Amino acid sequence: MALRSVVSRKTLAPALRHYRSLTTFTLPDLPYDYGALEPAISGEIMRLHHQKHHQTYVTNYNKALEQLDAAVSKGDAKGVVQLQSALKFNGGGHVNHSIFWQNLKPVSEGGGEPPHGALGWAIDKDFGSLEALVKKINSEGAALQGSGWVWLALDKEQKILKVETTPNQDPLVTKGVSLVPLLGVDVWEHAYYLQYKNVRPDYLANIWNVINWKYASEVYEKESA
Amino acid sequence: MSKRTVEIHWGKHHNEHVERLNKHLKTSAFYGHTLEEMVKATYNNGSPLVEFNDSSSVWSHDFFWESMQPNGGSMPKGGVLDQIKKDFGTFTNFKDEFTFAALSIFGPGWVWLYLKKNERKLAVAPTQNAISPLVWGDIPIIGLDMWEHAYYLDYKDDRSAYVNNFLDHLVSWHSVMVRMMRAEAFVNLGEPKIPVA
């Protein structure tokens, strides 16, 4: 099942004077089966997370985009500003989860294999060791109150790796325009509750078995070129 | 609401907040405040201090458990129903507004029926994270936890089923009545009947 990120074109009713088209989004397929990440993450969670939660973000993001388009066309400044939180929440949800599915891989396909090459060296340079990085991400993820994400980021400007957290569905870029997400771990309760209940640290400890370091390395090498 | 959910929600989540709050209290300047006072003080007008999250969560969860009863739901009677009709039009309108507000929250939060002190009327509002109407100086009457841990085991992502079940089978109108009675000591809900000479 190849990963497909499909962008579909949807045309709004043409206004009298000019023709506009709005790009909307669809739910990307997972590059693996729902049960392929077990026992780290249950198939039930993967199915709900993808088919319900991510799909809802996509649907509501499209709705917000249509409303935004209408408000922009009408010159409704108040309306445009009012839509910002819906755009950030739902758009962020779509962006973040699209990255997340890439960050995971079944063990049989290399999930959990530690990073080599440039990213491996960068991790040692900036954190001391892979173990130290994992420990930091786990502790920040566990300490996050409410919902949000914990990220391994590349700061393109400072050319350094960082661990950041964002609340709710705020994308990483809200913490700094030069930050590129290499890995994101969803610590919303829906990401682990059915399996791990309130014990978020167990979820964080186990997810490393299915983390796709290859993807993170590819992004790192591309963005630090 | 399943036994499992209550066991984990109360025994783990709520308890964790209590333990963390007690840890803060060992060194906090707010030691000795009542819980309600502490919530209002540590909210600090929108720049919450470190004790706010846990104190408000403890207060809100206490309030939440007491907002429910076995075989709850159905309809309120008497003065409570009259006030709801006065401020929402119909009881169904109130339920619709409550549900709409609950589903409108982005991320973790709560939904409240509360009494607005200045306007002297009931209203529904959602809040983020651990915030409650206490921080606005208003009087909470019903609180429903909309964090995922409150419903995920029982309802997965189906939040509207959770809210409907709460309204139809769990909400304690008895608690509401008691809270309204207490609130009337602080807020004058009626007009006095002054006889014409």
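Keep in mind that what you see is a predicted model, and the values were worked out from it rather than measured.

1. Some thoughts on the overall build of chain B
Per the secondary structure count, chain B includes 8 helices and 3 strands. Counting from the amino terminus, chain B carries its helices and strands in the arrangement α-α-α-α-α-β-β-β-α-α-α. What you see for chain B is a C-alpha radius of gyration of 17 Å, in line with the 16 Å of a compact globule of 197 residues. Along the three orthogonal principal directions, the C-alpha set of chain B runs to about 60 × 40 × 30 Å. When the 197 residues of chain B are sorted by exposure, 49% land in the buried category.

2. Notes on the layout of surface pockets
Empty space within the largest pocket amounts to approximately 780 Å³. What lines the largest pocket is a set of 29 residues, and nearest its centre among them are A:Asn60, A:Phe89, B:Leu103, B:Phe106 and B:Arg159. Among the elements of the structure, helix 1 (43–74) and helix 3 (84–103) of chain A together with helix 5 (91–103) of chain B are those that each provide at least two residues to the lining of the largest pocket. The element contributing the most residues to the lining of the largest pocket is helix 1 of chain A, with 8 residues. A breakdown of the residues in the lining of the largest pocket according to their chemical character gives 14 nonpolar, 10 polar and 5 charged.

3. Focus: a nonpolar patch on the surface
On the surface, B:Met177, B:Val178 and B:Met181 cluster together into a nonpolar patch covering about 280 Å² of accessible area. You can call B:Met181 exposed: its relative accessible area is 55%.

4. Overview of the UniProt feature "domain: Manganese/iron superoxide dismutase C-terminal" (unreviewed entry) in chain A
Under the present numbering, the feature "domain: Manganese/iron superoxide dismutase C-terminal" (unreviewed entry) in UniProt falls on residues 116–218 of chain A. Here residues 116–218 of chain A runs as 42% helix and 23% strand, with 11 Å between its end C-alpha atoms.

5. Regarding helix 8 (residues 173–183) of chain B
Looking only at helix 8 of chain B, the buried set comprises B:Trp173, B:Ser175, B:Val176, B:Arg179, B:Met180 and B:Ala183. The arc enclosing the buried residues of helix 8 of chain B, seen along the axis, measures out at 150 degrees, which places them on a common side.

6. Here we look at the interface of chain B and chain A
Taken together, the 17 residues of chain B in the interface contact 19 residues of chain A. Across the interface of chain B and chain A, roughly 1800 Å² is buried in total on both sides, 59% from carbon and sulfur atoms. Its largest share of buried area at the contact with chain A, chain B owes to B:Phe106, B:Glu148 and B:Tyr152, together 35% of the area lost on that side. Its salt-bridge partner being B:Lys156, residue A:Glu44 comes within 3.6 Å of it at the nearest N-O pair. Seen at the junction of chain B and chain A, the total is 7 residue pairs in polar contact (both at pLDDT 80 or more). Of all the secondary structure elements, the ones that give two or more residues to the side of chain B that touches chain A are helix 1 (3–25) and helix 6 (152–155) of chain B. The dominant element in the side of chain B that touches chain A, judged by the number of residues it contributes, is helix 1 of chain B, at 6 residues. For the side of chain B that touches chain A, a count of residues per class yields 6 nonpolar, 5 polar and 6 charged.

7. A closer look at the environment of B:Ala102
Mapped onto the elements of the fold, B:Ala102 is located in helix 5. Leave out the neighbours within four places in its chain, and B:Ala102 touches B:Val111, B:Met146, B:Arg159 and B:Val163.

8. Comments concerning the sheet that holds strand 3 (residues 148–155) of chain A
All names here are of chain A. In spatial order, the strands read 4-3-5; together these 3 strands make up an open sheet with antiparallel pairing. Each of the sheet's edge strands pairs with one partner strand only, and the pair in question is strand 4 (160–167) and strand 5 (179–186). Across this sheet, the average inter-strand angle for adjacent strands is 25 degrees, counted without regard to direction. As judged from the 8 bridges shared by strand 3 and strand 4, these two strands associate in the antiparallel manner. Residue pairing for strand 4: Trp149 is matched across the bridge by Thr166.

9. Remarks on the confidence of the model for chain A
In this model, chain A carries a mean pLDDT of 92, and residues with pLDDT of at least 70 account for 91%. Confidence drops under pLDDT 50 across residues 1–18 of chain A; counting only partners more than four residues distant or on other chains, this segment forms 32 contacts.

10. So, the packing of helix 1 of chain A against helix 3 of chain A
All names here are of chain A. In contact at an axis separation of 8 Å, helix 1 and helix 3 are set at 140 degrees when each is read in the N-to-C sense. One element, helix 1, and the other, helix 3, form an angle in the oblique class. The way helix 1 lies across helix 3 gives a crossing that is left-handed. Contacts from Met46, His49, His50, His54, Thr56, Tyr57, Val58, Asn60, Tyr61, Ala64, Leu65 and Leu68 of helix 1 reach helix 3 at Gln84, Ala86, Leu87, Phe89, Asn90, Gly91, Gly93, His94, His97, Ser98, Phe100 and Trp101. Class assignment for the residues of the contact of helix 1 with helix 3 results in 12 nonpolar, 12 polar and no charged.

11. So, the UniProt feature "domain: Manganese/iron superoxide dismutase N-terminal" (unreviewed entry) in chain B
With numbering matched to this structure, UniProt assigns "domain: Manganese/iron superoxide dismutase N-terminal" (unreviewed entry) to residues 2–68 of chain B. The distance separating the terminal C-alpha atoms of residues 2–68 of chain B is 13 Å; by composition the span is 70% helix and 0% strand.

12. So, the nonpolar core
Grouped together as the largest cluster of nonpolar side chains are 109 residues, with contacts concentrated most on A:Tyr203, A:Trp213 and B:Phe94. Ignoring anything within four residues of it in the chain, the contact list for B:Phe94 reads B:Ile84, B:Phe88, B:Leu113, B:Val124, B:Ile142, B:Leu167 and B:Trp173. A:Tyr61, A:Ala64, A:Ala86 and A:Leu87 belong to the second largest nonpolar core, which has 8 residues in total.

The rules we used
Residues numbered from 1 in each chain as written. Chains lettered and ligands numbered in written order. Predicted model: local features only at pLDDT ≥ 70, side-chain atom pairs only at ≥ 80, totals over all residues. Heavy atoms only, no water. Helix = DSSP H or I, 4+ residues; strand = E, 2+ residues; numbered from the N terminus. Rg over C-alpha atoms; globule rule 2.2 N^0.38 Å. Buried < 20%, exposed > 50% of the residue type's maximum accessible area, 1.4 Å probe, protein only. 1 Å grid on protein atoms, 1.4 Å probe; cavity = no way out; pocket = protein on both sides within 12 Å on 5 of 7 lines; lining within 4 Å. Points joined across faces, edges and corners; volume = space filled by probe spheres on them. Nonpolar A, V, L, I, M, F, W, Y, C, P; charged D, E, K, R; others polar. Patch = residues over 30% accessible without salt bridge, like charges linked within 9 Å, V, L, I, M, F, W, Y side chains within 5 Å. Areas by Shrake-Rupley, 256 points an atom, 1.4 Å probe, with all protein chains shown as cover. Salt bridge = Lys/Arg side-chain N within 4 Å of Asp/Glu carboxyl O. UniProt positions renumbered as here; feature names shortened; annotations may be inferred. Arc of directions from axis to C-beta. Contact = heavy atoms within 4.5 Å. Buried area = accessible area lost by both parts, 1.4 Å probe. Polar contact = N/O pair within 3.5 Å; in protein donor to acceptor, adjacent residues only side chain to side chain. Pairing = 2+ DSSP bridges. Axes fitted to C-alpha atoms, helices over the stretch in contact; angles between N-to-C directions. pLDDT = per-residue confidence, 0-100. Parallel < 35°, antiparallel > 145°, perpendicular 65-115°, else oblique. Left-handed = near helix turned anticlockwise from the far one by under 90°. Core = buried A, V, L, I, M, F, W, Y, C linked by side-chain atoms within 4.5 Å.

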